[in-house]
Amino acid sequence: METLNRLTCRECGHVYPAGPMQVCEQCFGPLDVDYRYDALAGRVTRETIAAGPPTMWRYRDLLPVDGEPPVGVNVGFTPLVRARNLADALGVRDVWVKNDAVCHPTASFKDRVVAVAVAKAREFGFDTIACASTGNLANSVAAHAAEGRLKSFVFIPADLEPSRVVGTLVYGATLVAVEGTYDEVNRLALEVGDRFPWAFVNANLRPYYAEGAKTYGYEIVEQLGWRAPVHVVVPCAGGSLMTQIWKAMTELARLGLIDAPVRTRVHAAQPAGCGPIVTMIKDDTDVCKPVRPNTIAKSLAMGNPGDGYYAYRTAKASGGTGEHATDDEIVDGMLLLARTEGIFAEAAGGVTVAATRKLVERGVIARDESVVVCITGTGLKTPDALASRLAADLTIRPTLAAFENALAKCWK
Ligand SMILES: *Cc1c(COP(=O)(O)O)cnc(C)c1O
Ligand SMILES: [Zn+2]
């Protein structure tokens, strides 16, 4: 609404008119939406936000969408769960789970970024939406394209989980399975984007996509009673969500909605089999070394993270750090969350829980400090991650005697 209706280079400050473009032509820096913060301060208040709808659009004044959102009106405002049982298990007092496993309509935080990107795509006059995806973005782009009566092309690695393939095709998207890693898929998608006049939500619409991710951070603060937590642990793929949670908090401080400066420490969580951002943070270098992913957390499997440099800078600026999780630790994390809080997260959530546990063990998260664990997608899309560890306890014939026999055996 109160955007300056332009894009500004994050690095050199060069200004461009609003439009479908991602990088600065002067320096290749990423472009950001530019707001009139001076006009917004005082006009956007806790009360005006609280009077908005119970969706991400309650923060509409801080999003770059003119008029009513054309799709995704029900996205966001997911529960922030006080996780007392998980807190006990981790040995800390004040643990919260921000649960985008139940985000409408496709059960991951990607619905937030897609809702904003598709709104802009419509404004710019595109009739086709596209993306390169590790899974969740594919589902969300396909769903929102259907809702907005747009065509969609979705590029994924061919080895993606079958549930995510079905969860994209069901909406009528054209799915292109590419025999390669996500990074290869993404490179191809960029070339396709140069050739075809399509809106790629995570390429030429990237500045708008990124704005949608801020709402996850706004909600954490509002749902804590307008308080920024001491720690946030964020699962990272390309590094955008981590960067944008921090941006959201610093914006709220700038607008006087919470105390400045923000003292939240933003920590990165990544799989050991694909953790280039956490490696940067641990080695304290702003140079990202790309890796070839090998992890059960496929939605985080980006070996060459687009926002890796900014995710590293976010950790530095906020006093955060990072942790890797092995495949076994990921499964343990998924089971711990499910068995303490009754929340079935996808493998990315297992990464976050495992990283949080390590940060507690390292003493980075102290026992009396608040921590928000970011759960960004549902386990129901990736049951295979657990299949090897879980099987029926008793398999019996349909008689009471068979049940009693089996029970006696397993209690022995
Ligand atoms: C996309 C995604 C993230 C974060 O991705 P970034 O590229 O770092 O913004 C986290 N969790 C899940 C489940 C995702 O699909
Ligand atoms: Zn620039």
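What counts and what doesn't
Residues numbered from 1 in each chain as written. Chains lettered and ligands numbered in written order. Predicted model: local features only at pLDDT ≥ 70, side-chain atom pairs only at ≥ 80, totals over all residues. Heavy atoms only, no water. Donors = N, O, S within 2.8 Å, 3.2 Å for Na, K, Ca; no water. Tetrahedral: all angles 85-135°; square planar, octahedral: opposite > 155°, others 65-115°. Helix = DSSP H or I, 4+ residues; strand = E, 2+ residues; numbered from the N terminus. Buried < 20%, exposed > 50% of the residue type's maximum accessible area, 1.4 Å probe, protein only. Pairing = 2+ DSSP bridges. Right-handed = clockwise from strand over helix to strand, strands pointing away. Contact = heavy atoms within 4.5 Å. Axes fitted to C-alpha atoms, helices over the stretch in contact; angles between N-to-C directions.

A.B. asks: Explain the coordination of the zinc ion (ligand 2) here, please?
C.D. replies: By definition of the ideal shapes, four donors in a tetrahedron about a metal sit 109.5 degrees apart, and six donors in an octahedron sit 90 or 180 degrees apart. Protein coordination of the zinc ion (ligand 2) is provided by Cys 9 (SG), Cys 12 (SG), Cys 24 (SG) and Cys 27 (SG), with donor distances spanning 2.2 to 2.3 Å. Considering all four donor atoms around the zinc ion (ligand 2), angles at the metal cover 98 to 118° and the coordination shape is tetrahedral. In primary sequence terms, the donor set of the zinc ion (ligand 2) follows C-x2-C-x11-C-x2-C. Taken together, the positions of Cys 12 in the loop between β1 (3–9) and β2 (15–17) and Cys 27 in the loop between β2 and β3 (31–35) put the pair 15 residues apart, joining distant regions of the chain.

A.B. asks: Please clarify how the pairing of strand β6 (residues 128–132) should be interpreted in this entry.
C.D. replies: When you tally the buried positions in β6, you get five out of five residues, the bulk of the element. The alternating pattern of β6 places Thr 128, Ala 130 and Ala 132 and Ile 129 and Cys 131 on opposite faces, both of which are buried. Pairing analysis gives five bridges linking β6 to strand β7 (residues 151–157), with the strands arranged parallel. Across the sheet, Cys 131 pairs through a bridge with Val 154, a residue of β7. With respect to chirality, the unit in which β6 leads through helix α5 (residues 136–147) into the neighbouring parallel β7 is right-handed. Here β6 pairs with strand β9 (residues 199–200) via two bridges, running parallel.

A.B. asks: Even after reading the chapter, I still don't get the pairing of strand β11 (residues 265–271), so can you show me in this structure?
C.D. replies: Two faces belong to every sheet, and in a regular strand the side chains alternate between them. Within β11, six of the seven residues are buried, which leaves it mostly tucked inside the rest of the structure. Where strand β10 (residues 231–235) lies against β11, five bridges are found, and the strand directions are parallel. In the sheet register, Val 234 faces β11, and the bridge partner there is Ala 268. Since β10 and β11 lie parallel, the crossover through helix α9 (residues 240–254) that links them has a hand, and here it is right-handed. As paired strands, β11 and strand β12 (residues 322–325) are joined by four bridges and run parallel to one another. Residue pairing in the sheet places Ala 268 in a bridge with Gly 322 of β12.

A.B. asks: Is there a simple way to explain the environment of Asp 283 in this structure?
C.D. replies: With respect to the element layout, Asp 283 can be found in helix α10 (residues 276–283). In the structure, Asp 283 is positioned 139 residues away from His 144 in sequence and 40 Å away in space, judged by C-alpha atoms.

A.B. asks: What should I look at first to understand the sheet that holds β6 in this one?
C.D. replies: The strands that make up a sheet are held in pairs by hydrogen bonds between backbone atoms, and each pair lies either parallel or antiparallel. Overall, parallel pairing links the four strands, which are arranged β8-β7-β6-β9 in an open sheet. Each edge of the open sheet carries a strand with a single partner, namely β8 (174–178) and β9. Taken together, the five bridges between β7 and β8 define a ladder with parallel strand orientation. Residue pairing for β8: Ile 156 is matched across the bridge by Ala 177. Packed onto the sheet, α5 meets β6 and β7 and runs at close to 170° relative to β7. Lying over the sheet, helix α7 (residues 182–195) contacts β6, β7, β8 and β9, oriented at roughly 150° with respect to β7.

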